[in-house]
Amino acid sequence: MSTHRCWVYGDHVNTDVIFPGKYTYTLKTPEDIAAHALEDLDPLFAKGVQAGDVIVAGSNWGMGSSREQGVTSIKYCGVHIIVAASFSGLYFRNCINQGVLPIVCPGVNGVVQTGDVIEIDLEAATLVAGGQTFEFPQLSASVQAIMDAGGLLPMLQKRFANPTPTGS
């Protein structure tokens with residue numbers, strides 16, 4: 001079980017709000033990208049977020065374009081878990097690819113406020129927030145392997161660096 005401070009947001013937060021599109025081709029370093037995370041929604045986020053914090057959101061988090069900066073900007077801030085009532089399909093997959101754990105857990109955003117602390121037990125697939133216990137779906141074995149490696153690219157790099165012998 002781990003504890004995390006929350007940053008709470010509502011429904012239908014799109015990728016242009018998570019990371020403004022005007023910076024997509026101008027910012028290159030993780031530090032510069034992180035500095036602009038959620039700036040149009042919450043100007044305090046990039047300055048106040050700490051490694052290990054989580055985002056708790058409503059439904060359809062990450063709707064909009066498929067730009068990876070919508071996930072990497074948050075990851076570069078030190079957030080490695082996003083709890084949402086639901087995610088856009090592309091954003092959910094981008095989270096996994098980037099090694100940011102997307103937890104689908106409806107109702108949590110209704111019982112916490114920014115600054116509250118939640119407890120997450122990944123093995124039991126439970127989350128304690130606002131005095132309530134919520135269950136969420138376990139990750140599939142293939143998604144868990146990607147998350148354990150820190151994302152899709154690190155998993156593939158490791159796999160191809162040490163290929164498994166085939167045939168007899």
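What you see is a predicted model; the values in this text were computed from it and never measured.

K.L.:
Sorry, what's going on with the overall build of the chain here?
P.N.:
From N to C terminus, the chain includes 7 helices and 7 strands. Seen in sequence order, the chain has helices and strands lined up from the N terminus as β-α-α-α-β-α-β-α-β-β-β-β-α-α. Taken over C-alpha atoms, the radius of gyration comes to 16 Å for the chain, in line with the 15 Å a tight globule of 168 residues would show. For the C-alpha atoms alone, the extent of the chain along its principal axes is close to 60 × 40 × 25 Å. Burial analysis of the chain (168 residues in total) assigns 43% to the buried set.

K.L.:
Just to check I follow, could you spell out the side chain of T24 for this structure?
P.N.:
Within the secondary structure layout, T24 lies in the loop between helix 1 (15-18) and helix 2 (30-34). Separated by 3.3 Å, the side chains of T24 and R67 make a polar contact. Beyond its immediate stretch of four places on either side in the chain, T24 contacts F19, R67 and Q69.

K.L.:
Teacher, can you tell me more about the pattern of salt bridges here?
P.N.:
Any two side chains of opposite charge can pair, on the condition that their charged atoms come close. Considering all chains together, one arrives at 2 salt bridges under this definition. Where R67 meets D16, a salt bridge forms, and the shortest distance between an N and an O atom there is 2.1 Å. Note that R67 is positioned in the loop between strand 2 (54-57) and helix 4 (69-75) and D16 in helix 1, a separation of 51 residues in sequence. D16 sits in the partly exposed class, given a relative accessible area of 39%.

K.L.:
Hey, could you run me through helix 5 (residues 89-98) in this one?
P.N.:
Note: α-helices contain 3.6 residues per turn, so residues at a spacing of three or four share the same orientation. Of all the residues in helix 5, the buried ones are Y91, N94, C95, I96 and Q98. On its buried face, helix 5 is in contact with helix 1, helix 4, strand 3 (81-84), strand 4 (101-104), helix 6 (141-149) and helix 7 (152-161). Looking at the residues trailing helix 5, positive phi occurs at G99, about 80°.

K.L.:
Even after reading the chapter, I still don't get the pairing of strand 5 (residues 117-121), so can you show me in this structure?
P.N.:
In regular strands, side chains alternate between the two faces of the sheet. Bridge analysis of strand 1 (residues 2-8) against strand 5 gives 4 bridges, and the strand direction is antiparallel. Bridge assignment links S2 to a residue of strand 5, and that residue is I120. Two elements, strand 5 and strand 6 (residues 126-129), share 3 bridges in a ladder whose sense is antiparallel. Each residue of the ladder has a partner; that of I120, found in strand 6, is L127. Following strand 5, the chain reverses through 4 residues before pairing antiparallel with strand 6; A125 in that reversal takes a positive phi of roughly 55°.

K.L.:
For this particular structure, what's the right way to read the environment of P20?
P.N.:
By secondary structure assignment, the location of P20 is in the loop between helix 1 and helix 2. Classification of P20 by relative accessible area gives buried; the value is 3%. Considered as a pair, P20 and H36 are 16 residues apart in the sequence and their alpha carbons are 7.5 Å apart.

K.L.:
Would you explain the pairing of strand 4 in this entry?
P.N.:
In the sheet, strand 3 pairs with strand 4 via 4 bridges, with the strands oriented parallel. In the sheet register, I82 faces strand 4, and the bridge partner there is P102. Once you follow strand 3 into helix 5 and on to strand 4, the crossover reads as right-handed.

K.L.:
Any chance you could explain the packing of aromatic side chains here in plain terms?
P.N.:
Aromatic rings considered in pairs are described by the distance between their centres and by the relative angle of their planes. With the rule as written, the count across this model stands at 6 aromatic pairs. With a centroid separation of 6.5 Å and 10° between ring planes, the pair formed by F87 and Y91 is classed as stacked. With respect to class, F87 is no different from Y91; both count as buried.

Calculation criteria
Residue numbering note: each chain is counted from 1, following its sequence as written. In keeping with the predicted nature of the model, local features appear solely for residues at pLDDT of at least 70, side-chain atom pairs appear and are counted solely at 80 or more, and the whole-chain, interface and lining totals rest on all residues. Side-chain metrics in this entry use all non-hydrogen atoms of the structure; hydrogen atoms and water are not considered. By definition, any uninterrupted DSSP run of H or I lasting at least four residues is a helix, any uninterrupted run of E lasting at least two residues is a strand, and each is numbered from the N terminus. Atoms counted for the radius of gyration: C-alpha only. Globule rule: 2.2 Å times the number of residues to the power 0.38. Here the term buried applies to any residue with accessible area under 20% of the maximum for its type, exposed to any over 50%, and partly exposed to those in between, with areas from a 1.4 Å probe on protein chains only. In the analysis that follows, any N or O atom pair within 3.5 Å is treated as a polar contact, provided that within protein one partner can donate a hydrogen and the other can accept it, and provided that, for residues neighboring in sequence, both atoms belong to side chains. Every residue pair with non-hydrogen atoms within 4.5 Å of one another is taken to be in contact. When a carboxyl oxygen of Asp or Glu is within 4 Å of a side-chain nitrogen of Lys or Arg, the pair counts as a salt bridge. Pairs of strands are assigned from DSSP output, requiring at least two bridges between the strands. If the strands point away from the viewer and the path from the first strand over the helix to the second runs clockwise, then the crossover is right-handed. Here is the rule: rings of Phe, Tyr and Trp (six-membered ring for Trp) pair when centre to centre is within 6.5 Å. Planes less than 30 degrees apart are stacked, more than 60 are edge-to-face, and the remainder are tilted.

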